[in-house]
4 protein chains.
Amino acid sequence: MTQTINKIAVLTSGGDAPGMNAAIRAVVRACAFHKLDCVGIFRGYEGLIEGDFKPLGPRSVKNIINKGGTFLKSARSQEFRTKEGRKKAFEQLKKENIDALVAIGGDGTFTGASIFTEEFNFPIVGLPGTIDNDIYGTDVTIGYDTALNTVVEAIDKIRDTANSHNRLFLVEVMGRNAGSIALNAGIGAGAEEILIPEENLGQDRLIESLKRSKKSGKTSSIIVVSEGDQIGKNIFKLAGYIEENLNEYEVRVTVLGHIQRGGAPSCYDRVLASRLGVSAVDTLLDGKSNIMIGISHNQITTVPFSEAIKSSNDLDLELVRVADITSI
Amino acid sequence: MTQTINKIAVLTSGGDAPGMNAAIRAVVRACAFHKLDCVGIFRGYEGLIEGDFKPLGPRSVKNIINKGGTFLKSARSQEFRTKEGRKKAFEQLKKENIDALVAIGGDGTFTGASIFTEEFNFPIVGLPGTIDNDIYGTDVTIGYDTALNTVVEAIDKIRDTANSHNRLFLVEVMGRNAGSIALNAGIGAGAEEILIPEENLGQDRLIESLKRSKKSGKTSSIIVVSEGDQIGKNIFKLAGYIEENLNEYEVRVTVLGHIQRGGAPSCYDRVLASRLGVSAVDTLLDGKSNIMIGISHNQITTVPFSEAIKSSNDLDLELVRVADITSI
Amino acid sequence: MTQTINKIAVLTSGGDAPGMNAAIRAVVRACAFHKLDCVGIFRGYEGLIEGDFKPLGPRSVKNIINKGGTFLKSARSQEFRTKEGRKKAFEQLKKENIDALVAIGGDGTFTGASIFTEEFNFPIVGLPGTIDNDIYGTDVTIGYDTALNTVVEAIDKIRDTANSHNRLFLVEVMGRNAGSIALNAGIGAGAEEILIPEENLGQDRLIESLKRSKKSGKTSSIIVVSEGDQIGKNIFKLAGYIEENLNEYEVRVTVLGHIQRGGAPSCYDRVLASRLGVSAVDTLLDGKSNIMIGISHNQITTVPFSEAIKSSNDLDLELVRVADITSI
Amino acid sequence: MTQTINKIAVLTSGGDAPGMNAAIRAVVRACAFHKLDCVGIFRGYEGLIEGDFKPLGPRSVKNIINKGGTFLKSARSQEFRTKEGRKKAFEQLKKENIDALVAIGGDGTFTGASIFTEEFNFPIVGLPGTIDNDIYGTDVTIGYDTALNTVVEAIDKIRDTANSHNRLFLVEVMGRNAGSIALNAGIGAGAEEILIPEENLGQDRLIESLKRSKKSGKTSSIIVVSEGDQIGKNIFKLAGYIEENLNEYEVRVTVLGHIQRGGAPSCYDRVLASRLGVSAVDTLLDGKSNIMIGISHNQITTVPFSEAIKSSNDLDLELVRVADITSI
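By the naming in an unreviewed UniProt entry, chain A is ATP-dependent 6-phosphofructokinase, taken from Marixanthomonas ophiurae. Recorded under Subcellular location (unreviewed entry), the UniProt text for chain A is reproduced unchanged: "Cytoplasm".

What follows is the structure, given as structure tokens:
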């Protein structure tokens, strides 16, 4: 991996996240800064296999820093999971004289990148782009901050209407295996209860807790439910259960869904994405590969792909306590 | 009804809507302008029966014009549907020397107001406050414009992520009997399909239409579904049906729910509410009663309660054509 | 002007306005609906003269309905004001077999269009796209509603901080000749004073009014100033004058500037733009020309260019009264 | 300072910042959690001197987490700078049996708190609430993240309209002594140039840089100017200078002003404020005083007031490089 780097490609893969465009822009402009050629690959590993490439200069990425989604598009690729698929991908890269790759995505993206870089000794660095903040080795992922704001703004609107008596609102947010979005956005939104997969509150304790809230003078409640939570798994069933067992409440359901993946990225996500994108090119020029670039203690950091993909679901107990206290 | 008016009460009733606070503020300040006393009644007709009153001066309503919901709160009252309940309400009004009432709400509110004003010869004017825009005699209701913006902003975020191939998004919006929100917000959001109760598209024609879209080069689609639409009634079932019958698509569901009732009111809703609130006091001072004040052709207008509550579900055929053409 | 129309061009000209993209999209898709060819002209009349054209199909305008600005760009053209320039423009249209034109913009745009259509007997219809709402023959222009929301949202943020005692905020908004934005957004934002060109309040009466506000218990004030207002003309001087003559206040200034021209269009602006764009193609197919399409009483209407460009500055006295009463 | 703590007071002082309400709420609810009494002090040290107090329970702070500003209001107090003033303040605290104080604000707030706690041996902890992020001992201050989002959203709107050729936009943001807002929001907004007090670019180099941008194909530019920057000091003069010396550009000015202090707080600011508020009560119960609670490496941390008020203007050179590269 000591070959000179003259041409770098960039792709986005997996679920898209706000700030991916800002990261692509930073990679492209860092290439221009270092007088390297830059190539955009459309539709992730699928486009890599098909050779769906386009040269990108500094002006190609104007007016995208503020756009959600990814202009390079994203896709899941079955073929890249096969040795043959990856071989085609490698040949496409060679044909275009591409020397290195920046892959923006989540753990699936890094798993593929890691296999590929080991098989073909091809330099790749990864950037963590996912709203789920479930990547080991970085304090935050690109898109997470924006997703939290989106959830909180949505619940703020529900709060306006929650003044009516005896209303209870269930709001389902993303997070299949981890309740990070639910916990943070639940605190930010001032939710009365937060149901997350890591803590299995259970239906009975939920009902008990809601009864206590009612007694303490609360006339309405907002409950944030992570989609991966056991009792929240079918949020409409949960709504029915609460109505039956706490018959003084009308229960209303909101399922935020993919709203959480979009939107103009927050300033934080744009700055983070810009820093990581600039650093990705620096890192490749330093001869490094098979690593993800992250942020830790507000400093740029790197971690091998093999570490990054151990997803970390450690529940932040300080935050759980803050949630409990501030919803008193 | 020719008694002098010295003291006016104001209440909000039914589902709340953005701009209700702006309307209350305008009523309160118009009273101050005309040197009348003003009283706020909390929790609609329920608070009226219970005498849950508070004097309101111009400074009582500062910093509320931009707030969603209603600071007077809203409630449904079973008791006001009874003669006894209404009698208690009348006595509360007399006890406080209240000479007239402004009732802000929807058709349920006006039905109650109409019965009451006829029974007790008590002056009431109504202001249309509901996101549903289903009141006869006014071009728009307070809150409708804000709700449309809320829906469109939510779908804009989904659009960011809809660039991925083969994705189809179902977004459920409010509107049990009328598809006004779905139709307007669907056009505004650039939805590919809009399912409304007035038009029963049916599952088969929906599938046909989606197949045509696909052929015409569309790689993803957003479908806005009014909660009252037949085939959309259970949106998760509809999602399953589409996945089965158009197996190339992953279908994702968003249920906006009560997000649509909240949020800071749009400028339009605030100006409308201010105009109607000022006019409500003018109208009572003119000795009129048993009417709703609305807006028609951008002019203040009045309509008897009896007319206002004939809800009008006429489908706007020009808009249906615009939706069809612009989603081509 | 009875030739068959097979190919329609569309351009945006003058200051841009949110919703212009939605209007372009509707024109393009209406052309597809009627099986007509459609051509986009970049940079307004300048691009028309230079032949800066691009064929547009229904997929060319995807994902733009929610974008501010105009993807066709806009420019002012000196050359189009000359006979020679317009001749070149006509030749470009003929060379491309373009049969008719939709011009989206303000009075300058329509003045040019009117001269051109008369000189060359070339069919043109105009759509009113400007945040200023100063076009005769339409109740509202595309972009106006969005601009009002932008102003109101900005002032809402100032209101949060205005609770501190003895603060006075001056906010300059657009409107050189007319105070329409200031008056509506001022009511919507709950401003204490609104300074507009049509009413020349004068510095002394402003100071008197602020003294009265103070006495009535107001501890802070927000004043919306139209850029065309006499005493507001230099807003920093006005701030100094108030500080000197009302020495209990700290005065803070915000100049909103071009923020008001951008932003994602409101639902209203998108629906309006969609309706007008569809109607533009209908109207050209009906053999009409030299007219602007507008909206009046929520119905599509047309008005000759010669009428549209008589800008109408009639002050809405009902609104002035509402502003006075609600800021009491 | 080993007395038992039974009653804690909380105040906000200095310029207000989004998230202050969330911090107050967390203090109040943490008191309830620990079965302590809690008292709100209105208008900062001024209200402390005057005894403008109000008992606060968990329900007193409902529905404020999402509100900008501070419901306890803020003020500057000359009297608290005098020994006599502080003595009165101490007597008010004793009279109400208040045992400790949480002061939310910036360096002025902490300077006062530090003198007071030393003079009267009265327990105080501080929370950093200011949009300026200029407090030593915390990575971020409450309100900073929201202010960055506000600036970036405003500039996004300007970007929509910047597509027109030959336009240059100057946007003034807050930051008298430090360019932290300008640098971060400038990167986030994709500004072409960022003028900050720490780097004195100078007019000539600015003009040179703009000429290079033009040559590199940029057709419009957005320049973020910190209010403390030398050449930006009078932004209208700077605009004139650029128009004269780069005569191909029309220059437009926006002065954001106090918009930056308001707005609903971001999720980050709400969570941060909640964590710090909970920790403030913990810290007082631990018997500590004369310190500020901050966040460092995403962990709660404390720093003596004497350290916190050494404002730190170290320019983040990594960010300056990111700004330079990404605006290439």
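There's plenty left to go through after this.
Below, the discussion takes up the domain arrangement of chain A. Residues and elements named next belong to chain A. Looking at chain A, the domain boundaries give domain 1 (7-143 + 265-310) and domain 2 (144-261). Between domain 1 and domain 2, the C-alpha centre-to-centre distance is 35 Å. Taken together, the contact between domain 1 and domain 2 spans 16 residues of the former and ten residues of the latter. Both sides of the domain 1 and domain 2 interface together cover about 1000 Å² of buried area, and 52% of this is carbon and sulfur.

Attention shifts here to the interface of chain A and chain D. Listed per partner, the contact involves 47 residues of chain A and 47 residues of chain D. A combined buried area of about 4200 Å² lies between chain A and chain D, and 55% of that area is made up of carbon and sulfur atoms. Inspection of the chain A/chain D interface yields six salt bridges. Of the charged contacts, one joins D:Asp156 and A:Arg270 as a salt bridge, the two residues approaching to 2.6 Å between their closest N and O atoms. Contributing elements (two or more residues each) for the side of chain A that touches chain D: helix H1 (20-33), helix H5 (144-161), helix H6 (180-189), helix H9 (267-285) and helix H11 (317-326) of chain A. Tallied by class, the residues present in the side of chain A that touches chain D amount to 20 nonpolar, 15 polar and twelve charged.

Looking now at the relation of the copies chain A and chain D. Screw-axis analysis of chain A against chain D gives a translation of 0.0 Å along the axis, an RMSD of 0.0 Å, and a rotation angle of 180 degrees. Read as a symmetry element, the transformation amounts to a two-fold axis. It is A:His297 whose C-alpha, among those of chain A, lies nearest the rotation axis, at 2.2 Å. In this assembly the copies share their binding face: 100% of the residues contributing to the interface of chain A also contribute to that of chain D.

This part takes up the sheet that holds strand E10 (residues 291-296) of chain A. Residues and elements named next belong to chain A. If you trace the seven strands from one edge of the open sheet to the other, you get E3-E2-E1-E4-E5-E10-E11, paired in mixed fashion. Because the sheet does not close on itself, it has two edges, and the strands there are strand E3 (53-55) and strand E11 (299-304). Strand-to-strand, the axes of this sheet are offset by a mean angle of 30 degrees, without reference to chain direction. In this sheet, strand E4 (residues 100-105) lies alongside strand E1 (residues 7-12) in parallel orientation, the contact comprising five bridges. Looking across to E4, one finds that Thr-12 is bridged to Ile-104.

Turning next to the sheet that holds strand E3 (residues 53-55) of chain C. Residues and elements named next belong to chain C. Within the open sheet, the seven strands sit side by side as E3-E2-E1-E4-E5-E10-E11. Their pairing is mixed. Two strands close off the open sheet at either side, each with one partner strand: E3 and strand E11 (299-304). Strand-to-strand twist of the sheet, defined as the mean angle between neighbouring strand axes without regard to direction, takes the value 30 degrees.

Below, the discussion takes up the relation of the copies chain A and chain B. When chain A is fitted to chain B, the best match, at an RMSD of 0.0 Å, comes from turning it 180 degrees and sliding it 0.0 Å along the axis. Taken together, the interface assignments show that 100% of the residues at the interface of chain A recur at the interface of chain B, consistent with an identical surface on both copies.

On to the pairing of strand E5 (residues 124-128) of chain C. Residue and element names in this part refer to chain C. Counting buried positions over the five residues of E5 gives five, a clear majority of the element. Alternating residues of E5 divide into Ile-124, Gly-126 and Pro-128 and Val-125 and Leu-127, and every residue in both groups is buried. With helix H4 (residues 107-120) bridging strand E4 (residues 100-105) and the parallel E5, this β-α-β connection has right-handed handedness.

Let us now look at the interface of chain A and chain B. Between chain A and chain B, the residue contacts involve 31 residues of the former and 31 residues of the latter. Together chain A and chain B conceal approximately 2600 Å² of surface at their shared face, both sides included; 55% is due to carbon and sulfur atoms. When the buried area of chain A at its contact with chain B is split by residue, A:Lys157, A:His258 and A:Ile259 rank highest and sum to 24% of it. Linking chain A to chain B there are zero salt bridges. When contributions to the side of chain A that touches chain B are tallied by element, the ones reaching two or more residues are H5, strand E6 (167-173) and strand E9 (250-255) of chain A.

Moving on to the packing of aromatic side chains. As enumerated under the stated definition, the model contains 36 aromatic pairs over all chains in all. An aromatic cluster of at least three residues, connected via ring pairs, comprises A:Tyr45, A:Phe80, A:Phe90, A:Phe116, A:Phe120 and A:Phe122. If you follow B:Lys214 out to its NZ or CZ, it ends over the ring of B:Tyr249, 4.7 Å from the centre. When the ring centre of C:Tyr136 is taken as origin, the NZ or CZ atom of C:Lys310, which lies over that ring, is 6.0 Å away.

This part covers helix H9 (residues 267-285) of chain D. Residues and elements named next belong to chain D. Under the 1.5 Å per step criterion, the end-to-end length of H9 is 27 Å for 19 residues, consistent within 8% with the ideal 27 Å. Counting buried positions along H9 gives 16 out of 19 residues, so the element sits mostly inside the fold. Downstream of H9 by a residue or two, Gly-287 has a phi angle that is positive, lying close to 85 degrees.

So, on to the packing of helix H1 (residues 20-33) of chain B against helix H11 (residues 317-326) of chain C. Close contact between H1(B) and H11(C) brings their axes to 8 Å; oriented N to C, the two are set at 85 degrees. Classed by the angle they form, the pair H1(B) and H11(C) counts as roughly perpendicular. Across the interface between the two elements, B:Arg25, B:Ala26, B:Arg29, B:Ala30 and B:Phe33 of H1(B) pack against C:Arg321, C:Ile325 and C:Thr326 of H11(C). Grouping the constituent residues of the contact of H1(B) with H11(C) by class yields four nonpolar, one polar and three charged.

A full pass over the atoms with the stated rule returns 57 salt bridges over all chains. Salt-bridge contacts for A:Asp282 lead to D:Arg321; the nearest nitrogen and oxygen are separated by 2.9 Å. Here D:Arg321 lies in helix H11 (residues 317-326) and A:Asp282 lies in helix H9, a pairing that spans two chains. In this structure, the salt-bridge partner of C:Arg43 is C:Asp52, at a minimum N-O distance of 3.0 Å. For C:Asp52, a relative accessible area of 26% puts it in the partly exposed group. Overlapping salt bridges bring together A:Arg43, A:Glu46, A:Glu50 and A:Asp52 as one network.

All right, on to the nonpolar core then. Among soluble globular proteins, nonpolar side chains are generally buried collectively. If you look at the biggest cluster of nonpolar residues, it comprises 288 residues, and the most contacted ones within it are A:Val102, B:Val102, C:Val102 and D:Val102. Beyond its immediate sequence surroundings of up to four residues, D:Val102 is in contact with D:Ile8, D:Ala9, D:Val10, D:Leu11, D:Val27, D:Val125, D:Leu127, D:Ala280 and D:Leu284. Counting 35 residues, the second-largest nonpolar core is a separate cluster that includes C:Leu210, C:Ile242, D:Leu195 and D:Ile235.

Attention shifts here to the side chain of C:Gln92. The residue C:Gln92 is located in helix H3 (residues 83-95) in this model. The contact partners of C:Gln92, leaving out residues within four places of it in the chain, are C:Leu48, C:Ile49, C:Glu50, C:Gly51 and C:Phe53.

All names here are of chain C. Note that Thr-146 resides in helix H5 (residues 144-161). Note on Thr-146: relative accessible area 3%, which makes it buried. On a C-alpha basis, the gap between Thr-146 and Ile-328 in space is 27 Å, while along the polypeptide they are 182 residues apart. Beyond its immediate stretch of four places on either side in the chain, Thr-146 contacts Pro-18, Gly-262, Ala-264, Pro-265, Ser-266 and Asp-269.

Time to look at unusual backbone geometry. Even without being glycine, A:Asn298 reaches a positive phi, approximately 60 degrees. Tracing the sequence through the fold places A:Asn298 in the loop between E10 and E11. A:Asn298 sits in the partly exposed class, given a relative accessible area of 41%. Backbone geometry places B:Asn63, a non-glycine residue, at a positive phi of 55 degrees. By the element assignment, B:Asn63 lies in the loop between strand E3 (53-55) and helix H3 (83-95). Note on B:Asn63: relative accessible area 23%, which makes it partly exposed.

Conventions used here
- Residues numbered from 1 in each chain as written.
- Chains lettered and ligands numbered in written order.
- Predicted model: local features only at pLDDT ≥ 70, side-chain atom pairs only at ≥ 80, totals over all residues.
- Heavy atoms only, no water.
- UniProt positions renumbered as here; feature names shortened; annotations may be inferred.
- Domains from an automatic or database assignment.
- Contact = heavy atoms within 4.5 Å.
- Buried area = accessible area lost by both parts, 1.4 Å probe.
- Salt bridge = Lys/Arg side-chain N within 4 Å of Asp/Glu carboxyl O.
- Helix = DSSP H or I, 4+ residues; strand = E, 2+ residues; numbered from the N terminus.
- Nonpolar A, V, L, I, M, F, W, Y, C, P; charged D, E, K, R; others polar.
- Least-squares fit on C-alpha atoms with pLDDT ≥ 70 in both.
- Pairing = 2+ DSSP bridges.
- Axes fitted to C-alpha atoms, helices over the stretch in contact; angles between N-to-C directions.
- Buried < 20%, exposed > 50% of the residue type's maximum accessible area, 1.4 Å probe, protein only.
- Right-handed = clockwise from strand over helix to strand, strands pointing away.
- Phe/Tyr/Trp six-rings, centres within 6.5 Å; stacked < 30°, edge-to-face > 60°.
- Lys NZ or Arg CZ within 6 Å of the ring centre and 35° of its normal.
- Expected span 1.5 Å × (residues − 1).
- Parallel < 35°, antiparallel > 145°, perpendicular 65-115°, else oblique.
- Core = buried A, V, L, I, M, F, W, Y, C linked by side-chain atoms within 4.5 Å.

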